[in-house]
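Breakdown of the fold
This is what each chain is made of:
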Amino acid sequence: MRGVENSLQALSEAGIRPVAISVDTPEVNREMMHEAAGYTFTFLSDPQLEAIRRYDLVHAGQGENGADVARPAEFLIDSSGTVRWRMMTENLYARARPEQVLEAAKALP
Amino acid sequence: MKRLNWQSWAGFLLSLVAGFSYPFLFIRWPITREFPWANLVLFALALVLLLLGLRRAFKPDKGIVSKIFSSLAASLGLLMLAGLLFAVFVTGRWLPASGGAPQVGQKVPDFTLIDANNRPVTLAQLLTEPVNNRPPRGVLLIFYRGYW
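What you are looking at is a predicted structure, and each value in this text was computed from that prediction instead of being measured.

Scanning chain A from N- to C-terminus turns up 5 helices and 6 strands. Taken over C-alpha atoms, the radius of gyration comes to 14 Å for chain A, in line with the 13 Å a tight globule of 109 residues would show. Each of the 109 residues in chain A was classed as buried or not, and the buried ones make up 39%. Expressed as a percentage of contacts within chain A between residues at least 6 apart in sequence, the contacts between residues at least 24 apart total 40%.

Attention shifts here to the overall build of chain B. Counting its secondary structure elements, chain B contains 5 helices and 3 strands. Along chain B, from the amino end to the carboxyl end, the secondary structure elements read α-α-α-α-β-β-α-β. Here the C-alpha radius of gyration of chain B, 25 Å, is well above what a compact globule of 148 residues would show, namely 15 Å. When burial is assessed residue by residue, chain B has 30% of its 148 residues classed as buried. Sequence separation of at least 24 residues holds for 58% of the intrachain contacts in chain B that already meet a minimum separation of 6.

In this section: the environment of Leu16(B). By the secondary structure assignment, Leu16(B) is in helix 1 (residues 6–24). It is 6.9 Å that separates the C-alpha atoms of Leu16(B) and Met80(B), two residues lying 64 residues apart in sequence.

Residue and element names in this part refer to chain B. Look at helix 1 against helix 3 (residues 37–57): their axes get within 7 Å of each other, and the N-to-C directions meet at 160°. Taken together, the axis directions place helix 1 and helix 3 in an arrangement best described as roughly antiparallel. Between helix 1 and helix 3 lies a crossing whose hand is left-handed. For the pair helix 1 and helix 3, the contacting residues are Gln7, Ser8, Ala10, Gly11, Phe12, Leu14, Ser15, Val17, Ala18, Ser21 and Tyr22 in the first and Asn39, Leu42, Phe43, Leu45, Ala46, Leu49, Leu50, Leu52, Gly53, Arg56 and Ala57 in the second. Here the residues of the contact of helix 1 with helix 3 sort into 14 nonpolar, 7 polar and 1 charged.

Consider a sheet: its strands pair through backbone hydrogen bonds, and that pairing is either parallel or antiparallel. Read from one edge of the open sheet, 7 strands run 6(A)-5(A)-3(B)-1(A)-2(A)-1(B)-2(B), paired in mixed fashion. At either end of the open sheet lies a strand with only one pairing partner, and these are strand 6 (83–87) of chain A together with strand 2 (120–122) of chain B. Pairwise comparison of adjacent strand axes, ignoring direction, gives a mean angle of 30° for this sheet. Judged from the 3 bridges that link them, strand 1 (residues 112–115) of chain B and strand 2 of chain B form a sheet pairing that is antiparallel. If you follow Thr112(B) over to strand 2 of chain B, its bridge partner there is Thr122(B). Relative to the sheet, helix 5 (residues 98–105) of chain A contacts strand 1 (16–22), strand 5 (73–78) and strand 6 of chain A together with strand 3 (138–143) of chain B, its axis offset from that of strand 5 of chain A by approximately 25°.

With that settled, consider the confidence of the model for chain B. On average, residues of chain B score 94 in pLDDT, and 98% of them reach the 70 mark or higher. With a pTM of 0.87, the predicted complex shows an ipTM of 0.96.

The next subject is helix 4 (residues 64–90) of chain B. Residues and elements named next belong to chain B. End to end, helix 4 covers 37 Å across 27 residues, agreeing with the expected 39 Å (1.5 Å per residue, within 8%). Among the residues making up helix 4, those that are buried are Ser70, Ala73, Ala74, Gly77, Met80, Leu81, Leu84 and Val88. On the buried face of helix 4, the contacting elements are helix 1 and helix 3.

A few words on the interface of chain B and chain A. If you look at the interface, chain B gives 47 residues, while chain A gives 67 residues. The set of elements that each furnish at least two residues to the side of chain B that touches chain A consists of helix 2 (30–33), strand 1, helix 5 (123–128) and strand 3 of chain B. Residue contributions to the side of chain B that touches chain A peak at 6 residues, all from strand 3 of chain B. Relative to strand 3 of chain B, strand 1 of chain A is paired through 6 bridges, and the arrangement is parallel. Opposite Ala20(A), over in strand 3 of chain B, you have Ile142(B) as the bridge partner.

Definitions and cut-offs
Residues numbered from 1 in each chain as written. Chains lettered and ligands numbered in written order. Predicted model: local features only at pLDDT ≥ 70, side-chain atom pairs only at ≥ 80, totals over all residues. Helix = DSSP H or I, 4+ residues; strand = E, 2+ residues; numbered from the N terminus. Rg over C-alpha atoms; globule rule 2.2 N^0.38 Å. Buried ≥ 20, exposed ≤ 12 C-beta atoms within 10 Å, placed from the backbone. Contact = placed C-beta atoms within 7 Å. Axes fitted to C-alpha atoms, helices over the stretch in contact; angles between N-to-C directions. Parallel < 35°, antiparallel > 145°, perpendicular 65-115°, else oblique. Left-handed = near helix turned anticlockwise from the far one by under 90°. Nonpolar A, V, L, I, M, F, W, Y, C, P; charged D, E, K, R; others polar. Pairing = 2+ DSSP bridges. pLDDT = per-residue confidence, 0-100. Expected span 1.5 Å × (residues − 1).

The following block contains the structure:
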């Protein structure tokens, strides 16, 4: 996430809009992600896991007090809404790096 | 006066540093997060010190307290290492298979979610609103576990 923030310029020049999605409420996103952590790209709230469930990314019982959360996953989609690249990590500590995304973005129309 | 078994003390403290520096420090950089190299190097140094401490405490002229102390320090150091390995290599891999997640080449499901200003945002909007004053070429959806 920090890597994405640090690469916003390059992503923007490549025409890529990063969007973070979690079960956190808009208040948490505003106070923690934007104000405290200083992230400037879009953070969306999915507290009812509507999108997270539709994308089959529910990680049951892994949140605060056993709440369901999203497992980490990244999708690069083109302007028609088609997945062009994705990372479904098998390791919580390994996430998509901006350079991988920028590389994959070269193939976008 | 008894001399302090500094190897055991240093080894024990270093094993604490080696363990706790993963969540508090080395998790920040992909290179030290994806595989805990830095922590394993610190643990290797800690274990060498703990072993030296044990060797010193188990010399015939040392008392039982010294033997117990150095053994305890070494055990706690190993426990810290086991804890880190368990967290990174076992629980860190407990992720759902997500076989139904959108594959490359598939269209993703649409959604309407709420942004940090309490405004509803649709995927269609994300795909059409300009990036860098041009229509976006793509959107990177980053699903994550949340702040806590």
